[in-house]
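# Summary of structural features
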Amino acid sequence: MKNKVLAILMSAVVAFGLWMYVITVVSPESEKTYYDIPVVMQNKNILSERGLIIVSEEPNVTLALKSDRTILNDLNESNINVMINLANIEKPGVHNLTYDISYPGNIPHNEVSVQSSSTDLIEVKVENRIRKPVPVVIDYGETTVPEGYISDVENAQMDFTTIEISGPESTVSQITQAKIQVDLTGQTNTVAGEYQYALCNAQGEPVDAKLITANAEKVNLMIKVQKVKEVALLLDIISGGGATQQNTTITMDTKQIQVSGRDALLEDLDSITVGVIDLGEIKEDQTLTFPITLPEDVTNQTGVEQVTVEIKLPKLKTKILKVTNITAANVPADLQVEIITKALQITVRGPEAQIKNIKETDVSVVINLAEAQAGTVTMKGEVVVADGFADVGAMGTYPVSANLRNG
């Protein structure tokens, strides 16, 4: 049994030795196939200078090589160089180019032969490279902000409103927009951030843009989202000249507007006073306009910029009285007063019944000299109407002149 094992071992050694002799002395050459070797494209920059671009897939070649086994073992798909020269391509089209093969520097070229290859020519498809700007379009889909809020989508702010694209003519010609998808669902605060866009055709469908270059990869976008609220528009009415809110008709063409702003700004904003009307200065039916002025950072969403106010005095009548009862009050003890103004034409206004009965003696004018000093003064007189004419008032102002002397 022991002799049999030794015989088998000796046979194996002899067989291995014969095999080594054959492959190293009798037949040292062998063949090996190298799959999907990438093709190196030389002078690619020249195509770019000529306004051309390659649109075909990156080519590769499979080679069956013959050489000494030691050389073949040193070769692999990454150190075998298959090269084509693009310098002679001058126009768009399909070009079939021959290729050259080189091996690592320590392997002589003539010691390797090509037995077969997957192709003898490399097909290169070339197009014109063109440029054009496309608008940035925001697509909100069906999304909206919650009720009680508003998004200012019409005035979205972007650092790029157009994207400059460059690439194959067949692809660039399809692209009409750089589309950004924005979801406003549940948004109650301003939307801001950096957004990736998709290059799309006129139907909004994405275009295969792997060969496209652009001047920006993303767009910084801000869309204001603010609370909305209705606020009342008010007038500050000052009674005068017998006219009050009760006996006049004051009509505003706009009584409320819708505004937007941050929650904190609108929390206590329930009304806005647009103007002041002094009825004592209104002598007849009149139409006035007042601008609507809002607090800073509050936006008028209604678009109404002013309020028109109609003032009518249908229940009031006027009368002009020659008043001679002109006196001074609060005269300093060291001064003597001489009233220079002897009579004033005073217009009074009030309900028809009271205006009909009022007389000159029912009206007087008083000047207050509490702060007066010696000399000639002219002061605004206060018109006083007698009891019984509570709804009558004087219109306008009435200056009274007086001499004040020491003594």
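One structure accompanies this document, and this report is about it. Because the structure is predicted, anything quoted here is derived from the model rather than measured.

Rules and cut-offs
Residues numbered from 1 in each chain as written. Predicted model: local features only at pLDDT ≥ 70, side-chain atom pairs only at ≥ 80, totals over all residues. Heavy atoms only, no water. Salt bridge = Lys/Arg side-chain N within 4 Å of Asp/Glu carboxyl O. Helix = DSSP H or I, 4+ residues; strand = E, 2+ residues; numbered from the N terminus. Buried < 20%, exposed > 50% of the residue type's maximum accessible area, 1.4 Å probe, protein only. Core = buried A, V, L, I, M, F, W, Y, C linked by side-chain atoms within 4.5 Å. Contact = heavy atoms within 4.5 Å. Pairing = 2+ DSSP bridges. Axes fitted to C-alpha atoms, helices over the stretch in contact; angles between N-to-C directions.

### So, the pattern of salt bridges
In total, this model carries 7 salt bridges according to the counting rule given. Of the charged contacts in the structure, one is a salt bridge between K66 and E29, with a shortest N-O distance of 3.8 Å. With K66 in strand β3 (residues 60–68) and E29 in strand β1 (residues 29–42), the pair connects residues that are 37 residues apart, well separated along the chain. A residue is classified by how much of its surface remains accessible, and E29, at 42% relative accessible area, is partly exposed. Close ionic contact of D139 with K179 constitutes a salt bridge, the shortest N to O distance being 4.0 Å. Of this pair, D139 sits in strand β8 (residues 122–139) while K179 sits in strand β12 (residues 177–181), and the two are 40 residues apart along the sequence.

### Things to note about the nonpolar core
Nonpolar side chains in soluble globular proteins tend to end up buried together. Among the nonpolar cores identified, the biggest contains 27 residues, and L63, L65, I80 and I84 are the most heavily contacted of them. Elements with a minimum of two residues in this core: β1, β2 (52–54), β3, α3 (69–74), β4 (81–85) and β8. Ranked by the residues each element gives to this core, the list is headed by β1, at 4 residues. Beyond its immediate stretch of four places on either side in the chain, I80 contacts Y34, I37, L63, L65, L75, I101, S102 and Y103.

### With respect to the environment of G375
With respect to the helices and strands, the residue G375 is situated in strand β29 (residues 375–380). For G375, a relative accessible area of 28% puts it in the partly exposed group. In contact with G375, not counting residues within four places along its chain, are A402, N403 and L404.

### A few points about the environment of A198
Within the secondary structure layout, A198 lies in strand β14 (residues 198–200). For A198, a relative accessible area of 29% translates into the label partly exposed. A sequence separation of 136 residues divides A198 from T62, and the C-alpha atoms of the two residues are 37 Å apart. Every residue in contact with A198, bar those within four places of it in the chain, is listed here: Q177, A178 and K179.

### Some details on the sheet that holds strand β28 (residues 363–368)
The strand order across the open sheet formed by 3 strands is β25-β28-β30, and the pairing between neighbours is mixed. In this open sheet, the two strands that pair with only one neighbour each are β25 (326–329) and β30 (382–385). The sheet shows a mean angle of 35° between the axes of neighbouring strands, direction not considered. Here 4 bridges tie β28 to β30, and the two strands are oriented antiparallel to one another. In the sheet register, S364 faces β30, and the bridge partner there is V384.

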